Amino acid sequence: MESVITEKLTLSQIKEKIQEILEETQTVTRVSKSKDLYREFKAITKIQSDAWQDEDKKTQLEALLIQLKEILE
């Protein structure tokens, strides 16, 4: 933030710069998290599980898959 001093920025200009930095950081974080979640999703889909044999887990899985399908459509 040396530019704050060298450019003699006003308080509102400083606030704008801070907001820009925060937005850039949030965007990078969201993209990074999305990539991590996608990798996790791909790994989960490869898991062999007996969850479908358990009626309670089967019900939960079906509900989650319906929600996921709705989100993706």
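**Student:** Looking at this structure, how should I read the overall build of the chain?
**Tutor:** Helix and strand content of the chain: 3 helices and 0 strands. Walking the chain from its N terminus toward its C terminus, one meets helices and strands in the order α-α-α. Going through the 73 residues of the chain one by one, you find that 5% of them count as buried. Entry remark: accessible area of the chain is about 7,000 Å², with carbon and sulfur atoms responsible for 57%.

**Student:** Help me understand a nonpolar patch on the surface, please; the structure alone is not making it clear to me.
**Tutor:** A cluster of nonpolar side chains, namely Tyr38, Phe41, Trp52, Leu65, Leu68, Ile71 and Leu72, defines an oily patch on the protein surface of about 750 Å² accessible area. For the nonpolar patch, the secondary structure elements donating two or more residues are α2 (11-45) and α3 (55-72). Along the polypeptide, tryptophan 52 turns up in the loop between α2 and α3.

**Student:** Could you clarify how one ought to interpret the pattern of salt bridges in this entry?
**Tutor:** A side chain of one charge can pair with a side chain of the opposite charge if their charged atoms are brought near each other. For the structure on display, the rule yields 2 salt bridges. Between aspartate 36 and arginine 39 there is a salt bridge whose closest N-O contact spans 2.9 Å. With aspartate 36 and arginine 39 both in helix α2 and 3 residues apart, the pair spans about one turn of that helix. On the basis of relative accessible area, arginine 39 is assigned to the exposed category, the value being 53%. In this structure, the salt-bridge partner of glutamate 73 is lysine 69, at a minimum N-O distance of 3.9 Å.

**Student:** Even after reading the chapter, I still don't get α3, so can you show me in this structure?
**Tutor:** Helical geometry note: an α-helix holds 3.6 residues per turn, so side chains three or four residues apart project in the same direction. If you check α3, its first and last C-alpha atoms are 25 Å apart, about what 18 residues at 1.5 Å a residue would give, namely 26 Å. At the N-terminal end of α3, a side-chain oxygen is found 2.9 Å from the backbone nitrogen of aspartate 56, two or three residues along, and the residue is aspartate 54.

**Student:** Would you explain the environment of glutamate 62 in this entry?
**Tutor:** Mapped onto the fold, glutamate 62 is located in helix α3. As for glutamate 62 and tryptophan 52, which are separated by 10 residues in sequence, their C-alpha atoms are 9.3 Å apart.

**Student:** What am I meant to see in the confidence of the model for the chain here?
**Tutor:** Any segment with low pLDDT has predicted coordinates that should not be analysed in fine detail. Chain-level statistics for the chain give a pLDDT mean of 79 and a share of 82% at 70 or above. Mean pLDDT across the secondary structure elements of the chain bottoms out at helix α1 (residues 2-6), with 64, and peaks at α3, with 88.

Reading the values: rules and limits
- Residues numbered from 1 in each chain as written.
- Predicted model: local features only at pLDDT ≥ 70, side-chain atom pairs only at ≥ 80, totals over all residues.
- Heavy atoms only, no water.
- Helix = DSSP H or I, 4+ residues; strand = E, 2+ residues; numbered from the N terminus.
- Buried < 20%, exposed > 50% of the residue type's maximum accessible area, 1.4 Å probe, protein only.
- Areas by Shrake-Rupley, 256 points an atom, 1.4 Å probe, with all protein chains shown as cover.
- Patch = residues over 30% accessible without salt bridge, like charges linked within 9 Å, V, L, I, M, F, W, Y side chains within 5 Å.
- Salt bridge = Lys/Arg side-chain N within 4 Å of Asp/Glu carboxyl O.
- Expected span 1.5 Å × (residues − 1).
- Polar contact = N/O pair within 3.5 Å; in protein donor to acceptor, adjacent residues only side chain to side chain.
- pLDDT = per-residue confidence, 0-100.

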